[in-house]
Amino acid sequence: MVGEVRFDLFTRGRYATDASIYQIFPEGVVFPKNEADIAASLQIAAEHGVPVIARGGGTSQNGQPIGEGLILDMSRHFNGIRHYDPEARTITVAPGIVLEALNNRVKANNLFFPVEPSTASRCTIGGMTGNNSSGARSLRYGKTVENVLSIDAMFHDGEAVTLGADSIGNNASLRARDLMTRLVAMAGTLREDIDAIFPKVQRRVGGYNLDELLPANPNLSHLLVGSEGTLALTTGVTLKLSTLPKHRVMGVCHFPDFRSAMETTQHVVALGPVAVELVDHNVLVLGADIPLFKRTLGDITRGQPNCLLLVEFAGDELDVLKADLKRLDECMDEYGFRNAVVEVLEPARQKPVWEVREACLNIMMSMKGDGKRISFIEDCAVPLEHLADYTDAVTDVFSKHGTRGTWYAHASVGCLHVRPILNIKTEDGVRKMRAIAEETAELVRKYKGSYSGEHGDGISRSEFNEPMFGSKLARAFEAVKDGFDPGNRLNSGKIVRPLKMDDRSLMRFQPGYETSQPKRAALDWSEWGSFGGAIEMCNNNGTCRKMNAGTMCPSYRVTKEEQHLTRGRANTLRLAISGQLGRDALTSPEMKETMDLCVSCKGCKRDCPTGVDMARMKIEFLHHYHERHGLPLKEKLIAHIPRYAPLAARLSFLMNLRDQIPGLAKLSEKLLGFSARRTLPKWRRPWRETGETATPEDVVGDGRDIVLFGDTFNRYFERENLEAAERVLKAAGYRLHKVATPDKGRPLCCGRTYLSSGQVDEARNEALRTVTALEPFVARGARVLGLEPSCIFTFRDEMTVLLPKEKIEALSKASFLFEEALASDLAKGLVTLPVENQSGRIAHVHGHCHQKAFGAMGAVESVLRAVPDLDVRMIESSCCGMSGAFGYGASTIDTSLAMAELSLLPAVRKAEPDDVIVADGTSCRHQIHDGSDREAVHVARVLDMALKEAN
């Protein structure tokens, strides 16, 4: 066997959950690399009577890819493209390939796989095939089943079979041929029942696709589509591709109330759009508080709408599409909604709108506390003429049980996702969940809809198949299962002979669940109720698995390991603090290994729609880990840099010998763990402030008073950045103020180096010392500006959970990056920059992770564009990979360099020799130097160079 197999408790715990409410520990996890690995796994499992569950991205909403037995993670290795024929518009892929990766591959030929769920950045083709996924544009392109040509699969014992159009493959066994002949014949005898009972809505994925066996020449692979891995294990899928439309346009329809949107949907659909997606009032309100979405919502909404319908038209003639938008406006006008359509024509504007829609689920899940929006009836679909009455009736059901829900998604096909707020940590919450499920199922039957519309059956809905389809068809479903898998070895308990949806022993929060560790948190987690409450914000939807956009999760992009994923770390922490991984699991070596490759980039703070801040959680973890195991010498040297820096600078000739004398770097690696392949920063004569005054009374308070915070790294290693910042600020008209330290000794420090090793008490002391010194200046109206993102954002982030709110609030609000303050004041006309034209000069800008996490990259771009004719080009990159001390470690340097090679270093190498590379992070500049032999500079130096030329 080529692939890896793991049976340790921590790995099993990470694969015990998907994006549902359920949790079942598997026996082990296999990471197959080829068909032989899959066959061997099936054969060995069969010999030992162990069930097998295939898993893709683990983003299912209903517990499909979890269970007792052996999990086969197809996504890590088994994810290649087998055959691609652009002329025939077909592609054959391994099931572990992510949809976005597939579409990126075929885009060059103007093709795409048109079934695009909101999880396209991380869901796999195997998972989509198993669930019969749909996505927003199913009005035109249908579900997955309409776009699958054939499937290569294996029976429960490893025997291979190919199913396709009117064929089961030339090499199919007698067993396979006999089975399919019998099932086609059975479907024929049930034709009347299938025609009468199967819902007449597009979104129907419940049970098995017996209706696909009724045509004269059926495509036999379509029986496997939507079977959730209960019949056979998919090893390859041949897909039909579609041509990308040349143009897309969007009309954002505003409605004063929810019912009017539901009533109007059928009339909008009659205009022939590609998609009609609902964004309801709750999503608008919650999204407006999330920095990632606030700007977009402001762009597309006018006034205070209750809800929106996002209506997309697509085609090759832009004039035709603009006419479609006009007809949309006329339709809205006809039904009483005048001037209620905002047109979004530009692709650059449409992209973030779709990102908001795709994040609706996670936006809803950003709710803090034990009450959560629970997935179990989110997938029902009803005919459009009943949509308004159905949604009203379900809302009444929620009200009856003392809760409410949020609606979103596919209004076009009557499949609205809804999640009532319930606390399923309690028996009462689970009882309400069961009652709501049963009453909603009755409503779906009443309106002749489908109980499983898109996300599949899984654990949540399988037991409703018999009530929805009747006993005769339920027995037929069982016959299908028994024909393929007579021993019930494949993903048992789903679709037929189901598990109970309200069985608390199958849930993430089982009876007795309690997050009792640690007994005393080091940081303040009261905003979430507790440390455990913050961890539980992870809903497992897997946004952190995306590979191409945003910052998170850089270590996962290198290793593809669930362990090195925000979701994987959050799950491991949750299981550890609730005692499910054994005694003292929180401070165990296995937990340390889980957290080691978290680079504290804070990408999850911004990119995770539920706000899981793994960087802050790592501080908490390291505090308790080092409290138990002690702090290694390497971490001590890093943590205490601010305290010994003044002495080190005076002894720079000694401190810098490590990289000058052969052999010392190797010795350093052996004794301290600093990689010999990485140069260390050079100690230099430190920066000295040239501010005008050291007394708070001299602060005028007109917006021009600045305290330039000299962080340890720029002060002792790159003083030219601070000197440049001083010159720029003075030239712009600011007044700079020097601050005397409380003990008239070493400079002020944000405490970042202590936080990076979990030394919370030391960091708190540094924070208190700094706040005490800066507070008098801030109180009189001065702002504190800094150059190093990781340091200045400590004032606005970690310090708020280190010190009492009343102590840090003023400084937190008055602390800005150099470029943030400058960009804001330039826009207001408060200051001006006397800079010279930079015609012909190109600046390539890499953003520090914390700048991205706090939405500060716009300020960098803004101040650079204030330099006339400077060609500013933003580098689309994730973490540079240095992340403070991470990139210096002998055990982490390979991962560090691999992160940089994902996008940053290739982009830098493409820059012309005369181009300037801009990076505001000390670590980023070091990584760029080591990896590309190019010098990157802080934005302050770019502005300073422009000033010098002007003078």
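Preceding block: the structure.
This report concerns the structure included in the present document. (Residues numbered from 1 in each chain as written. Predicted model: local features only at pLDDT ≥ 70, side-chain atom pairs only at ≥ 80, totals over all residues. Heavy atoms only, no water.)

Our focus in this paragraph is the pairing of strand β5 (residues 81–85). Both β5 and strand β6 (residues 90–93) contribute to a ladder of four bridges, which runs antiparallel. The residue of β6 that forms the bridge with Asp 85 is Thr 90. Here β5 folds back onto β6 in antiparallel fashion, the turn holding four residues, of which Arg 89 has a positive phi close to 60 degrees. (Pairing = 2+ DSSP bridges. Helix = DSSP H or I, 4+ residues; strand = E, 2+ residues; numbered from the N terminus.)

With that settled, the discussion passes to the sheet that holds strand β14 (residues 307–315). As summarised here, the arrangement of the seven strands in space is β15-β12-β14-β13-β17-β18-β16, forming an open sheet in which the pairing is antiparallel. Two strands bound the open sheet, and with one partner strand each, they are β15 (341–344) and β16 (372–373). As paired elements, β16 and strand β18 (residues 415–422) share two bridges and run antiparallel to each other. The residue of β18 that forms the bridge with Lys 372 is Leu 422. Helix α8 (residues 258–269) rests against β12 (247–255), β13 (275–279), β14, β17 (405–410) and β18 of the sheet, and its axis sits at about 15 degrees to β14. Taken strand by strand, helix α12 (residues 347–358) contacts β12, β13, β14, β15 and β17, and its axis lies near 55 degrees from that of β12. (Contact = heavy atoms within 4.5 Å. Axes fitted to C-alpha atoms, helices over the stretch in contact; angles between N-to-C directions.)

With that settled, the discussion passes to the packing of aromatic side chains. Under the counting rule described, the total for this entry stands at 20 aromatic pairs. Ring geometry for Tyr 390 against Trp 407: centres 6.4 Å apart, planes inclined by 80 degrees, an arrangement best described as edge-to-face. In this pair, Tyr 390 sits in helix α14 (residues 387–400) while Trp 407 sits in strand β17, placing the two residues 17 residues apart along the sequence. With respect to class, Tyr 390 is no different from Trp 407; both count as buried. Between the aromatic rings of Trp 525 and Phe 531, the centroid separation amounts to 5.0 Å while the plane-to-plane angle is 45 degrees, which identifies the pairing as tilted. Accessibility classification places Trp 525 together with Phe 531 in one group, the buried group. One cation-aromatic arrangement involves Arg 76 over Phe 31; the distance from NZ or CZ to the ring centre is 5.6 Å. Seen from the ring of Phe 674, Lys 634 lies directly overhead, with NZ or CZ sitting 5.8 Å from the centre. (Phe/Tyr/Trp six-rings, centres within 6.5 Å; stacked < 30°, edge-to-face > 60°. Buried < 20%, exposed > 50% of the residue type's maximum accessible area, 1.4 Å probe, protein only. Lys NZ or Arg CZ within 6 Å of the ring centre and 35° of its normal.)

Here the focus is the pattern of salt bridges. When charged atoms on two side chains of opposite charge get close, those side chains can pair. Within the structure shown, the criterion is met by 76 salt bridges. Taking the shortest distance from any N to any O, the salt bridge between Asp 157 and Arg 175 comes out at 2.9 Å. Of this pair, Asp 157 sits in the loop between β8 (148–154) and β9 (160–163) while Arg 175 sits in helix α6 (residues 174–189), and the two are 18 residues apart along the sequence. When its relative accessible area of 29% is taken as the criterion, Asp 157 is described as partly exposed. According to the relative accessible area criterion, Arg 175 is partly exposed, its value standing at 32%. Several salt bridges converge on common partners, so that one network encompasses Lys 602, Lys 605, Asp 613, Arg 616, Arg 752, Asp 797 and Glu 798. (Salt bridge = Lys/Arg side-chain N within 4 Å of Asp/Glu carboxyl O.)

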